[in-house]
2 protein chains.
Amino acid sequence: MIMTQRAGGPRPVPTLEMVAALAGVSRATVSRVVNDSPSVDPELAQSVRKAIEALDYTPNRAARSLAKRRANSVALIIPESTSKVFADPFFTTVVQGIAMYLTDTDFTLNMVIASEAKPEKTRSFLLGGNVDGALVVSHHSGDHSWTHLSGSLPMVFAGRPLVGAEDAYYVEVENEAAACSATRLLTASGRRSIATIAGPQDMPPGIDRLAGWRTAVREAGLDDQLVEVGDFTLASGARAMQRLLDRGRPVDAVFAANDQMAAGAYTVIQGRGLRIPEDIAVVGFDDDSFATSVTPALTTVNHPIVELGRKMAETLVDMIEGRPTDRVTIMSTSLVLRDSV
Amino acid sequence: MIMTQRAGGPRPVPTLEMVAALAGVSRATVSRVVNDSPSVDPELAQSVRKAIEALDYTPNRAARSLAKRRANSVALIIPESTSKVFADPFFTTVVQGIAMYLTDTDFTLNMVIASEAKPEKTRSFLLGGNVDGALVVSHHSGDHSWTHLSGSLPMVFAGRPLVGAEDAYYVEVENEAAACSATRLLTASGRRSIATIAGPQDMPPGIDRLAGWRTAVREAGLDDQLVEVGDFTLASGARAMQRLLDRGRPVDAVFAANDQMAAGAYTVIQGRGLRIPEDIAVVGFDDDSFATSVTPALTTVNHPIVELGRKMAETLVDMIEGRPTDRVTIMSTSLVLRDSV
DNA sequence: TTGTATGCGTTATCAT
DNA sequence: ATGATAACGCATACAA
């Protein structure tokens, strides 16, 4: 019987020192090869690489961080109300983009869920040199209580922060313009009573999308008072739609500030025996999974969320590396026409 | 004007040494306090704690890891087909549970997306002492190519792995029993042509849920050939439903192996002018966001996914800490009755 | 109970 | 171009 695996427990993790010994060079040289320093003899470098390969050596992150005074990791700050946030396709998609970008760097992604009860814990973790930067995704949560750390730690936000936007780094979607275009779809098709289910008015996306809707209905000379606000959840969208319908005034179209609320609106519209789009046209915003899981499929605003996440990570890494980078980047959107209008 | 903040750039990160100096003790003592060692004078401990507070000291993770030869972090392995995985509410919810549990420990969550192109990279990262354990969530992806590392690194799987289940640690949902109960809902209400949209037959959830359905239809003396398989995506559910309807045989009920596929089925059922549940009753599995975003709301199987994630993390931490822990945990489910049956 | 000294695996500074 | 050697911040035998 041939033993293909050494007995005696798991093989010890190879160290730089072992590589040095095998290659017959000093640790310094191995280190140089690992960090591909230019000043190392090509031949020597080769033999070192061979030794690395042979031992399946991987640098110890902790030791490296300690020596370089650099964590090589970035934090993903998640507001405590996690249950909401994880149910939000926007959030998960941004994270996907972030994760994908970071995979190609040697930064590690640290998820830290920020307890609102003891913010100092999070604070000192972030400032304690455990991460080199932080990403904040709170699009639909409004939690921007971390903006003040921007001065002490590289930080990038998903969406313009409500306060401190003057010097914060962020990447954002062109909410207002897109909302306006989406609403124009409705005005252009002859709808005359165009309502909106707005997002919370203390969050930039909520504010901006409402503004976009208002611009469009006004320029069409229509009533701009048909607004009810929700909180971006499906249930709140349903309630808002109810209130809209209960006003007793005709409504023949509705622009929802996100797809989840649009889906909520669907349930009450169809629940009352009204047809989409014949009786009421509806358009959403985000083009997330809700848009296609609903019948009829929802016409909505698509924005490249994965790209947004990717860009956030890229910006952060650039900041950390000291490379120049844009403080704010605006992602453009597109209308995706389906069957709800 | 009172200066509340020192000028001269960011305050240097406080070290254990500085705390020791301020408290007038040795670094060893501070270290003991930090790791709350029992053998330290309560009074002294207090003054040390005061110093820690005053300096806002946080232990440097890298240094600590290096000294303890422990990363204090666990990896969350994500299959490369990330786009699919992030769109899967099951995945994100499990992650939520994991994150929530870890927040209360001092383990950090490392998201590593496993490139299938160069698995050695992931392998040596995992085995290189950079993490103390790994969590793999591939419920709907079937990627269990990491089972073989179980011997070298504490690992916990979400869902029974297809291979190596004999010694793998995992936490799983009682898929078969739940699928059976769900289907009985249909047989009990008098449906006679009960189809199923099954999941992939190379994934345990796909296999087990189909088995559960089969048990129920057989015990009711019904045809057990009305099965089409999908891949857990909405689109595949729609296609499967189409095939089912195109068989030319009447179908008055369908059990979908997950809610997304059920939602897909909705689109074609309603697209053909059939009513749910009058013409066709449908029941899903998972009770995710799709279940309530659809009209009529979907009757489905609820399982505590957050808890599943939490349990995974707990199991892994126990393994790492050397505490005894159950190798396999089965989470129980419940039926949630809504309007689709 | 407390302090001293050494090691953890790398990088960086300095000679050579 | 390469090799000693000293940090990096903390934990831990061991000594006191």
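Keep in mind it's a predicted model, so treat the numbers as computed, not measured.

Colleague: Describe the packing of helix H8 (residues 175–188) of chain B against helix H9 (residues 204–219) of chain B, with residues and values.
Modeller: All names here are of chain B. Contact geometry of H8 with H9 gives a least axis separation of 7 Å together with a crossing angle of 40°. With respect to each other, H8 and H9 are oriented oblique. As for the relative orientation of H8 and H9, their crossing is right-handed in sense. Contacts from Asn175, Glu176, Ala179, Cys180, Thr183, Arg184 and Thr187 in H8 reach Pro205, Asp208, Arg209, Ala211, Gly212, Trp213, Thr215, Ala216, Val217 and Glu219 in H9. Here the contact of H8 with H9 is built from residues that sort into seven nonpolar, five polar and five charged.

Colleague: Tell me about the protein's contact with DNA strand D, residues and numbers included.
Modeller: Not every one of the 27 residues close to DNA strand D is listed here, only the nearest: Thr29, Asp41 and Leu44 of chain A together with Leu16 and Tyr57 of chain B. When the atoms of DNA strand D within 4 Å of the protein are grouped by moiety, sugar and phosphate amount to 60% of the total. Between Asn35 of chain B and DNA strand D, the recorded distance is 3.4 Å, taken from a side-chain N or O atom to a phosphate oxygen. Taking Ala63 of chain B, its main chain carries an N or O atom lying 3.4 Å from a base nitrogen of DNA strand D. Looking at the surface near DNA strand D, the elements that each hand over two or more residues are helix H2 (27–34) and helix H4 (61–68) of chain A together with helix H2 (27–34) and helix H4 (61–68) of chain B. In the surface near DNA strand D, the residues fall into 12 nonpolar, seven polar and eight charged.

Colleague: Explain the pattern of salt bridges residue by residue, including any values.
Modeller: For the structure on display, the rule yields 33 salt bridges over all chains. Between Arg70 of chain A and Glu321 of chain A there is a salt bridge, with the nearest N and O atoms lying 2.7 Å from each other. Linking Arg70 of chain A in the loop between H4 and strand E1 (73–79) with Glu321 of chain A in helix H13 (residues 305–321), this pair joins segments that are 251 residues apart in sequence. Note on Arg70 of chain A: relative accessible area 24%, which makes it partly exposed. For Glu321 of chain A, a relative accessible area of 38% gives the class partly exposed. Taking the shortest distance from any N to any O, the salt bridge between Glu219 of chain B and Arg184 of chain B comes out at 2.4 Å. Of the two residues, Glu219 of chain B sits in helix H9 while Arg184 of chain B sits in helix H8, which places them 35 residues apart along the sequence.

Colleague: Run through the relation of the copies chain A and chain B, naming residues and quoting values.
Modeller: Rotating chain A by 180° about the axis while translating it 0.1 Å along that axis superimposes it on chain B, leaving an RMSD of 0.1 Å. Taken together, these values place the two copies in the relation of a two-fold axis. Closest approach to the rotation axis within chain A is made by the C-alpha atom of Ala62 of chain A, at a distance of 2.3 Å. Comparing interface residues between copies, 98% of those in chain A also sit at the interface in chain B, which points to an isologous, same-surface contact.

Calculation criteria
Residue numbers restart at each chain and count upward from 1, following the sequence in its written direction. Written order decides the labels, with chains lettered from A and ligands numbered from 1. Side-chain atom pairs in this predicted model are given and counted only at pLDDT of 80 or more, local residue features only at pLDDT of at least 70, and totals for whole chains, interfaces and linings cover all residues. Only hydrogens and water are set aside; all other atoms, that is, all heavy atoms of the structure, feed into the side-chain values. Angles run from 0 to 180 degrees between N-to-C directions of axes, and those axes are lines fitted to C-alpha atoms, restricted for helices to the stretch in contact. Strands are runs of DSSP state E lasting at least two residues, helices are runs of H or I lasting at least four, and both sets are numbered from the N terminus onward. Angles below 35 degrees are treated as roughly parallel, those above 145 as roughly antiparallel, those between 65 and 115 as roughly perpendicular, and all remaining angles as oblique. For any helix crossing, the convention is left-handed if the near helix is rotated counterclockwise from the far helix by under a right angle, and right-handed if that rotation is clockwise. It only takes one pair of heavy atoms within 4.5 Å for two residues to be counted as in contact. All residues other than Ala, Val, Leu, Ile, Met, Phe, Trp, Tyr, Cys, Pro, Asp, Glu, Lys and Arg, Gly among them, are scored as polar; the first ten of these are nonpolar and the last four charged. The near set for a molecule or strand comprises every residue that places at least one heavy atom within 4 Å of it. Polar contacts here mean pairs of N or O atoms no more than 3.5 Å apart (in protein, one a potential hydrogen donor and the other a potential acceptor; neighbouring residues in sequence count only if both atoms are side-chain atoms). Salt bridge, as used here: a side-chain nitrogen of Lys or Arg that lies within 4 Å of a carboxyl oxygen of Asp or Glu. Accessibility here uses a 1.4 Å probe with only protein chains present; expressed as a share of the type maximum, an area under 20% marks a residue as buried, one over 50% as exposed, and anything in between as partly exposed. Least squares is the method for superposing the copies, and the C-alpha atoms it fits come from residues with pLDDT of at least 70 in both.

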